[in-house]
Amino acid sequence: MHQTVSLDMQHDVLKANAHIAGHNHEKLVGRRIKSFDFMGGIGSGKTLLIERLAGELHKRGLRVGAIAGDVAGDDDFRRMEAAGIEAVNLNTLKECHLDANLVEKAIESVPLDDIDVLFIENVGNLVCPADFPLGTDKRVIVISVTEGDDMVRKHPLIFHHADIIVVNKTDIAEYVDVDPNIIVRDAKEINPHVPVILTDAKHGVNMDALLEAMGF
Ligand code: MG
Ligand code: ZN
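Residues numbered from 1 in each chain as written. Chains lettered and ligands numbered in written order. Predicted model: local features only at pLDDT ≥ 70, side-chain atom pairs only at ≥ 80, totals over all residues. Heavy atoms only, no water.

**Student:** Any chance you could explain the environment of E86 here in plain terms?
**Tutor:** By secondary structure assignment, the location of E86 is in strand 3 (residues 86–91). When the C-alpha atoms of E86 and D99 are compared, they prove to be 21 Å apart, with 13 residues separating the residues in sequence. (Helix = DSSP H or I, 4+ residues; strand = E, 2+ residues; numbered from the N terminus.)

**Student:** What should I look at first to understand helix 4 (residues 100–107) in this one?
**Tutor:** Since the α-helix turns once every 3.6 residues, residues separated by three or four places project in the same direction. Along helix 4, the residues that are buried comprise A100, V103, A106 and I107. Projected down its long axis, helix 4 carries its buried residues within an arc of 120 degrees, all on one side. (Buried < 20%, exposed > 50% of the residue type's maximum accessible area, 1.4 Å probe, protein only. Arc of directions from axis to C-beta.)

**Student:** I keep staring at the coordination of the magnesium ion (ligand 1) and nothing clicks. Help me out?
**Tutor:** Every protein donor of the magnesium ion (ligand 1) is accounted for by T47 (OG1), D76 (OD) and E121 (OE), and the metal-donor separations fall at 2.1 to 2.2 Å. All donors of the magnesium ion (ligand 1) belong to a single chain; written as a sequence motif, their spacing is T-x28-D-x44-E. Of this pair, T47 sits in helix 2 (residues 46–59) while D76 is found in helix 3 (residues 75–82), placing the two residues 29 residues apart along the sequence. Accessibility assignment for this pair places T47 and D76 in one class, buried. (Donors = N, O, S within 2.8 Å, 3.2 Å for Na, K, Ca; no water.)

**Student:** Looking at this structure, how should I read the pairing of strand 3?
**Tutor:** Looking along a regular strand, one sees side chains alternate from face to face of the sheet. Bridge count between strand 2 (residues 64–70) and strand 3: six bridges; the pairing is parallel. Its bridge partner being in strand 3, I67 is matched across the sheet by V88. (Pairing = 2+ DSSP bridges.)

**Student:** Looking at this structure, how should I read the coordination of the zinc ion (ligand 2)?
**Tutor:** The expected angle between donors at a tetrahedral four-coordinate metal is 109.5 degrees. At an octahedral six-coordinate metal it is 90 or 180 degrees. At this site the zinc ion (ligand 2) is bound by C96 (SG), H97 (ND1) and C128 (SG), with donor distances of 2.0 to 2.1 Å. All donors of the zinc ion (ligand 2) come from a single chain, and their spacing in sequence reads C-H-x30-C. Of this pair, H97 sits in the loop between strand 3 and helix 4 while C128 sits in the loop between strand 4 (117–121) and strand 5 (138–144), placing them 31 residues apart in sequence. The class for H97 is buried, based on a relative accessible area of 9%. Owing to a relative accessible area of 18%, C128 belongs among the buried residues under this scheme.

**Student:** How do you make sense of helix 7 (residues 180–190) when you look at a structure like this?
**Tutor:** If you check which residues of helix 7 are buried, you get P180, I183, V184, D186 and A187. When helix 7 is viewed along its axis, its buried side chains cluster within an angular range of 165 degrees and face the same direction. Here the buried face of helix 7 lies against strand 5, helix 5 (151–154), strand 6 (164–168) and strand 7 (196–198). Measuring from the backbone nitrogen of N181 back to the side-chain oxygen at the start of helix 7 gives 2.9 Å, which picks out D179 as the cap. (Contact = heavy atoms within 4.5 Å. Polar contact = N/O pair within 3.5 Å; in protein donor to acceptor, adjacent residues only side chain to side chain.)

**Student:** What am I meant to see in unusual backbone geometry here?
**Tutor:** Negative phi values dominate among residues other than glycine, just as trans dominates among peptide bonds. Phi is positive for K169, close to 65 degrees, though the residue is something other than glycine. As for its position among the elements, K169 is in the loop between strand 6 and helix 7. Since its relative accessible area comes to 25%, K169 is described here as partly exposed. Even without a glycine there, the phi angle at N206 is positive, about 75 degrees. As for its position among the elements, N206 is in the loop between strand 7 and helix 8 (207–213).

**Student:** What should I look at first to understand the sheet that holds strand 1 (residues 34–40) in this one?
**Tutor:** Strand pairing in a sheet is mediated by backbone hydrogen bonds. Such pairs are either parallel or antiparallel. Sheet architecture is open: seven strands sit in the order 3-2-4-1-5-6-7, paired in parallel fashion. With partners counted over all chains shown, the strands left at the sheet margins are strand 3 and strand 7, one partner each. Adjacent strand axes in the sheet meet at a mean angle of 20 degrees, parallel and antiparallel pairs treated alike. Taken together, the five bridges between strand 2 and strand 4 define a ladder with parallel strand orientation. Residue V64 lies in a different strand from strand 4, and its bridge partner there is V117. Strands in contact with helix 2 are strand 1, strand 2, strand 4, strand 5 and strand 6; relative to strand 4, the strand with the most contacts, it is inclined by about 175 degrees. (Axes fitted to C-alpha atoms, helices over the stretch in contact; angles between N-to-C directions.)

Here's what the structure looks like:
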């Protein structure tokens, strides 16, 4: 009985989230803003990737906004601002993921008329963000070779729902004894049509391939 109640409650929460995510998406599409939810563990390189991609998009004359989701602090927010991104800081305090309701409120602080692209950097984990779509065009999972070659096998759900998978820090793969091709193989098994892009954000490697997968 107890389990039935909690499952019903969870179902309602996810349903409400999906409904608000739909509104978020309508709002962004209505302004012709392309939007991306970047999910991945702490230290996978989400913020640096967003900084690099913003730099490339700026060169193409596109204006970039971002919502920096973190449990606490404004480190990522300040890095994004320094990179010329219209950034909004979103601290979840106790929550380990962003949800559509939090994003709906944060979007009110984003200058939507002044941006063409919106990045949302999710809180650093690969478990619960999978259940909470935010209303972006695409969901991008970032993992780093430093996390090991078993990341996909350990988190099948989130990889199954990904629109793009990024395997970052390929420059140090040999030093951590990880073969990125194993990660690619596992990802393709779970999600056969997903683009898997190998990047080295530190040195700006393969940013063009990632932008192409994102539709630029
Ligand atoms: Mg970050
Ligand atoms: Zn969570």
